[in-house]
Amino acid sequence: MTALRPRPQRGPLPPGAERYGASALGAPLLWFPATQPSAQSGLIIAGTHGDENAAMVTLSCALRTLESSHRLHSVVLAVNPDGCQLGLRANARGVDLNRNFPAANWKPGETVYRWNSAAEARDVTLSTGEHPASEPETAALCQLIHQSKPAWIVSFHDPLGCIEDPARSPLGEWLARAFALPLVGSVGYETPGSFGSWCADMDLPCITAEFPAISADEATERYLAPMTALLHWQPQR
């Protein structure tokens, strides 16, 4: 039986966070290694875009809800701590980290995004970086993954409201059911230099889980249970 901490004890994050690098402004890049690691252990990440905080807050709540001794998978709460602190989609140097990974399809120059989910056009401009993995946050995450060798990765974003898993894996199907979100093969537009593209180049299973456009408060009410379950998810035998 999975052990959950009583609500009054869910204030602080569990111990055991380790530093895997530093951001452009010097903030520590932290991860929570699995407390019960195995060959099937995965990595769950959030906060790649600093203006997408619903999943990051929900993932933090899940970390604080589950007894840490039951955590089968590792967690990075904030890939982009500077952006999270400053309310930026990009990092502090104006680079969209999700276009800066050293994927074969990386492109130099600019990338665009929507100001918010209600905007009709993708017309706000960011950089893809001087070169692939030019940003300390991107390079450090790549190094962490090479060293820790997760069996799979789930990368949380918002606000598209879907589970993107081209392989339609058992985990992707479970996520779609658990979070009550549609399972899709693509978000519908090209993502050169994205984290998912880089993972695909390495044949590393990566699922992008997109929350809909909801507040962090609503997200924690709606998704805390499945997010907590994800921390100790195991494939059915």
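Residues numbered from 1 in each chain as written. Predicted model: local features only at pLDDT ≥ 70, side-chain atom pairs only at ≥ 80, totals over all residues. Heavy atoms only, no water.

A closer look at the nonpolar core
- Among the nonpolar cores identified, the biggest contains 36 residues, and Phe156, Leu171, Leu175, Phe211 and Leu230 are the most heavily contacted of them.
- Contributing elements (two or more residues each) for this core: helix H1 (54-65), strand S7 (153-157), helix H4 (170-179), strand S10 (206-212) and helix H6 (216-230).
- If one sorts the elements of this core by residue count, H1 sits on top with seven residues.
- Apart from the residues within four sequence positions on either side, Leu175 is in contact with Val154, Ile163, Ala180, Ile207 and Leu230. (Core = buried A, V, L, I, M, F, W, Y, C linked by side-chain atoms within 4.5 Å. Buried < 20%, exposed > 50% of the residue type's maximum accessible area, 1.4 Å probe, protein only. Helix = DSSP H or I, 4+ residues; strand = E, 2+ residues; numbered from the N terminus. Contact = heavy atoms within 4.5 Å.)

A look at H6
- Taking 1.5 Å of rise per residue, the 15 residues of H6 would be expected to cover 21 Å, yet its terminal C-alpha atoms sit only 18 Å apart, more than 12% below that figure.
- Of all the bends found along H6, the most pronounced is centred on Tyr223 and spans about 65 degrees, while Pro226, a proline, follows it within four residues.
- Along H6, the residues classified as buried are Ala216, Ala219, Thr220, Tyr223, Leu224, Pro226, Met227, Thr228 and Leu230. (Expected span 1.5 Å × (residues − 1). Bend = angle between axes of the 7 residues up to and from the residue.)

Some points on a nonpolar patch on the surface
- Taken together, the side chains of Leu25, Leu86 and Leu88 define a hydrophobic patch exposed on the protein surface, amounting to about 280 Å² of accessible area.
- Looking at the secondary structure, you find Leu25 in the loop between strand S1 (18-22) and strand S2 (28-31).
- The exposed category is assigned to Leu25, whose relative accessible area is 56%. (Patch = residues over 30% accessible without salt bridge, like charges linked within 9 Å, V, L, I, M, F, W, Y side chains within 5 Å. Areas by Shrake-Rupley, 256 points an atom, 1.4 Å probe, with all protein chains shown as cover. Salt bridge = Lys/Arg side-chain N within 4 Å of Asp/Glu carboxyl O.)

Some points on the pairing of strand S8 (residues 160-164)
- Here S8 lies mainly inside the structure; four of its five residues are buried.
- Two strands pair when backbone bridges link them, and S8 and S10 are joined in this way by four bridges, in the antiparallel orientation. If you follow Ile163 over to S10, its bridge partner there is Ala209.
- Of the strand pairs in this sheet, S8 and strand S9 (residues 183-184) are connected by two bridges, and their pairing is parallel. Across the sheet, the residue bridging to Ile163 is Leu183, located in S9.
- Read as a crossover between parallel neighbours, the route from S8 over H4 to S9 is right-handed. (Pairing = 2+ DSSP bridges. Right-handed = clockwise from strand over helix to strand, strands pointing away.)

Remarks on the packing of H1 against H6
- Between H1 and H6, the least distance of the axes is 8 Å, while the angle of their chain directions is 50 degrees. On the basis of the axis angle, H1 is oblique to H6. In the packing of H1 onto H6, the handedness of the crossing is right-handed. Note on element contacts: H6 touches H1 through Ala216, Ala219, Thr220, Tyr223, Leu224, Met227 and Thr228, opposite Ala54, Ala55, Val57, Thr58, Leu59, Cys61, Ala62 and Thr65.
- In the contact of H1 with H6, the residues fall into 11 nonpolar, four polar and no charged. (Axes fitted to C-alpha atoms, helices over the stretch in contact; angles between N-to-C directions. Parallel < 35°, antiparallel > 145°, perpendicular 65-115°, else oblique. Left-handed = near helix turned anticlockwise from the far one by under 90°. Nonpolar A, V, L, I, M, F, W, Y, C, P; charged D, E, K, R; others polar.)

Some remarks on the layout of surface pockets
- The space that makes up the largest pocket amounts to roughly 980 Å³.
- At five residues, S10 tops the list of elements feeding residues into the lining of the largest pocket.
- Looking at side-chain class alone, the lining of the largest pocket contains 21 nonpolar, 15 polar and 10 charged residues. (1 Å grid on protein atoms, 1.4 Å probe; cavity = no way out; pocket = protein on both sides within 12 Å on 5 of 7 lines; lining within 4 Å. Points joined across faces, edges and corners; volume = space filled by probe spheres on them.)

Some details on the sheet that holds strand S3 (residues 43-45)
- Here we have six strands laid out as an open sheet, ordered S4-S3-S7-S10-S8-S9, and mixed in their pairing. Strand pairing shows two members of the sheet lacking a second neighbour, strand S4 (74-76) and S9, which therefore form its edges.
- Where S3 lies against S4, three bridges are found, and the strand directions are parallel. Along S4, the bridge assignment pairs Ile44 with Val75.
- H4 rests against S7, S8, S9 and S10 of the sheet, and its axis sits at about 10 degrees to S10.

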